[in-house]
Amino acid sequence: EADIYQTPRYLVIGTGKKITLECSQTMGHDKMYWYQQDPGMELHLIHYSYGVNSTEKGDLSSESTVSRIRTEHFPLTLESARPSHTSQYLCASSEYNDQPQHFGDGTRLSIL
Amino acid sequence: QKEVEQDPGPLSVPEGAIVSLNCTYSNSAFQYFMWYRQYSRKGPELLMYTYSSGNKEDGRFTAQVDKSSKYISLFIRDSQPSDSATYLCAMKGNNAGNMLTFGGGTRLMVKP
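Here, residues in each chain are numbered from 1, in the same order as that chain's written sequence. Key to labels: chains lettered from A, ligands numbered from 1, both in the order written. Given that the model is predicted, a residue must reach a pLDDT of at least 70 before its local features are reported, and side-chain atom pairs must reach 80 or more before they are shown or counted; all residues, however, enter totals for whole chains, interfaces and linings. Only heavy atoms go into the side-chain values, all of them from the structure, while hydrogens and water stay out.

(A) Spotlight on the packing of aromatic side chains. The aromatic pairing rule takes the rings of Phe, Tyr and Trp, using the six-membered ring of Trp, and pairs them if the centres are within 6.5 Å, calling planes under 30 degrees apart stacked, those over 60 edge-to-face and the rest tilted. Scanning the entire structure with this criterion turns up eleven aromatic pairs over all chains. For the pair Tyr32 of chain B and Tyr49 of chain B, a centre-to-centre distance of 6.1 Å together with 10° between the ring planes defines the contact as stacked. Residue Tyr32 of chain B is located in strand β4 (residues 30-38), and its partner Tyr49 of chain B is located in strand β5 (residues 45-51); the two are separated by 17 residues in the primary sequence. Assigned by exposure class, Tyr32 of chain B and Tyr49 of chain B land together as buried. One aromatic cluster is present, formed by Tyr33, Tyr35 and Phe103 of chain A together with Tyr36 and Phe102 of chain B through successive ring pairs. Consider the ring centre and the ring normal. A charge sits over the ring if Lys NZ or Arg CZ is within 6 Å of that centre and within 35 degrees of that normal. Its guanidinium or amino end placed over the ring of Phe74 of chain A, Arg68 of chain A lies 5.8 Å from that ring's centre, counting from NZ or CZ. When the ring centre of Tyr32 of chain B is taken as reference, the NZ or CZ atom of Lys92 of chain B above it lies at 4.1 Å. Working definition: helices are DSSP H or I runs of at least four residues, strands are E runs of at least two. Numbering for both runs from the N terminus. When a residue's accessible area, from a 1.4 Å probe over protein chains only, is under 20% of the maximum for its type it is buried; when over 50% it is exposed; and in between it is partly exposed.

If you want it as structure tokens, here you go:
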């Protein structure tokens, strides 16, 4: 069973605030991913990392940024939240290229 | 046109029924195929992971891949109310750097 944790699970916050969504995994996986998922819609990749100090943008354009200073930690930051950022954010990790991704339970973000 | 198409449902079946969930895709480079189950307010949970064409069985779940038709299926035997969830198909190619392309998910409801 995958051990990947996301905090907070739910966040309601006002426009203009700086937000950091936390993602940690205890499996030592090199690869980590952030997805955005709106209700009833498919997951869209917004950021990924192949290892420490590696970050790349995904298919879906996002105003968020990520960092990967430690293998186990892959936080996502929004410098100035807007209502358009309201969504569910899912973090995932995988071991090798031919291994499946394992997901956390997500952060449901609501910007007022 | 989306790369991966999945009927959004909802699909409602009585307890004990055999359920068939399907995805079609257009990218012939896809080699790895996954099915995830996602309960409300939770992250996707990996159910089945297959490589190339063929069948794979795990308990009540059977995954089928037909690459010639670009069609994958997940069968659930003796469906239970606890199977009620959204089922996501996902797939990737050999050179995709482990990035996945998801279907939009099918919502399944199993009624007691």
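After that view of the structure, there is still more to cover.
(B) The state of the cysteines, seen in detail. When two cysteine sulfur atoms are found within 2.5 Å, that pair is recorded as a disulfide. In total, this model carries two disulfides over all chains according to the counting rule given. A sulfur-sulfur separation of 1.9 Å characterises the disulfide bridge that pairs Cys23 of chain A with Cys91 of chain A. Looking down the S-S bond of the Cys23 of chain A and Cys91 of chain A bridge, the torsion is -75°, so its handedness is left-handed. On the criterion of sequence distance, the pair formed by Cys23 of chain A in strand β3 (residues 19-25) and Cys91 of chain A in strand β9 (residues 87-94) is long-range, its members being 68 residues apart. Both residues of the pair, Cys23 of chain A and Cys91 of chain A, belong to the buried class. Between the sulfur of Cys23 of chain B and that of Cys89 of chain B lies a disulfide, 2.0 Å long from S to S. Taking the sign of the S-S torsion, about -105° here, the bridge from Cys23 of chain B to Cys89 of chain B comes out left-handed. With a gap of 66 residues between them, Cys23 of chain B in strand β3 (residues 19-25) and Cys89 of chain B in strand β9 (residues 85-93) connect regions that are remote in the sequence. Relative accessible area serves as the criterion here: at 1%, Cys23 of chain B is assigned to the buried category. Classification of Cys89 of chain B by relative accessible area gives buried; the value is 0%.

(C) Representation of the pairing of β3 of chain B within the structure. All names here are of chain B. Burial along β3 is one-sided: Val19, Leu21, Cys23 and Tyr25 are buried, while Ser20, Asn22 and Thr24, pointing the other way, are not. Strand pairing is defined by DSSP finding a minimum of two bridges between the two strands. One ladder, built from three bridges, connects strand β1 (residues 4-6) with β3; its direction is antiparallel. The partner of Val4 across the bridge, within β3, is Tyr25. One ladder, built from six bridges, connects β3 with strand β8 (residues 71-76); its direction is antiparallel.

(D) Examining the pattern of salt bridges more closely. All names here are of chain A. The term salt bridge refers to a side-chain nitrogen of Lys or Arg lying within 4 Å of a carboxyl oxygen of Asp or Glu. Inspection of the entire model under this criterion finds eight salt bridges over all chains. Note that Glu63 is salt-bridged to Arg82, the shortest N-O span being 2.6 Å. Of this pair, Glu63 sits in the loop between β6 (54-57) and β7 (65-66) while Arg82 sits in the loop between β8 (76-78) and β9; the two residues are 19 residues apart in sequence, bridging distant segments of the chain. Note on Arg82: relative accessible area 37%, which makes it partly exposed. Arg70 serves as the salt-bridge partner of Glu72, at 3.1 Å between the closest nitrogen and oxygen. Given a relative accessible area of 43%, Arg70 falls into the partly exposed group.

(E) Representation of the environment of Ile72 of chain B within the structure. Residue and element names in this part refer to chain B. Summarising the element assignment, Ile72 is placed in strand β8. For Ile72, a relative accessible area of 1% corresponds to the buried category. Here the alpha-carbon distance between Ile72 and Ser53, two residues 19 residues apart in the chain, equals 9.0 Å. Excluding residues that lie within four positions of it along the chain, Ile72 makes contacts with Leu21, Asn22, Cys23, Tyr25, Phe33, Trp35, Gln64, Val65, Cys89 and Met91. The criterion used for residue contact is that any of the two residues' heavy atoms lie within 4.5 Å.

(F) Up close: the nonpolar core. For this analysis, a nonpolar core means a set of buried residues of the types Ala, Val, Leu, Ile, Met, Phe, Trp, Tyr and Cys, connected via side-chain atoms within 4.5 Å. In terms of nonpolar packing, the biggest core is built from 24 residues, with Trp35, Ile72, Leu74, Tyr87 and Met91 of chain B touching the most fellow members. Elements with a minimum of two residues in this core: β3, β4, β5, β7 (61-66), β8, β9 and β11 (106-111) of chain B.

(G) Representation of the interface of chain A and chain B. Counting from both sides, the interface comprises 27 residues of chain A and, opposite them, 20 residues of chain B. Taking both partners together, chain A and chain B bury about 1800 Å²; carbon and sulfur atoms supply 50% of that area. Taken as a group, Glu42, Pro100 and Phe103 of chain A account for 25% of the area that chain A buries against chain B, more than any other trio of residues on that side. Our count for the contact surface shared by chain A and chain B stands at two salt bridges. Of the charged contacts in the structure, one is a salt bridge between Lys2 of chain B and Glu42 of chain A, with a shortest N-O distance of 3.5 Å. Definition of a polar contact: a pair of N or O atoms within 3.5 Å, with one able to donate and the other able to accept a hydrogen when the atoms are protein atoms, and with sequence-neighbouring residues admitted only if both atoms are side-chain atoms. Where chain A touches chain B, the interface holds five residue pairs in polar contact (both at pLDDT 80 or more). Counting only elements with at least two residues in the side of chain A that touches chain B, the list comes to β4 (31-37), β5 (44-51), β9 and β10 (102-103) of chain A. In terms of residues, the side of chain A that touches chain B owes the most to one element, β4 of chain A, which gives four residues. Of the residues in the side of chain A that touches chain B, the class split is twelve nonpolar, nine polar and six charged. By buried area we mean how much accessible surface two parts lose on assembly, using a 1.4 Å probe and totalling the loss over both. Residues are grouped as follows: nonpolar covers Ala, Val, Leu, Ile, Met, Phe, Trp, Tyr, Cys and Pro; charged covers Asp, Glu, Lys and Arg; every other residue, Gly included, is treated as polar.

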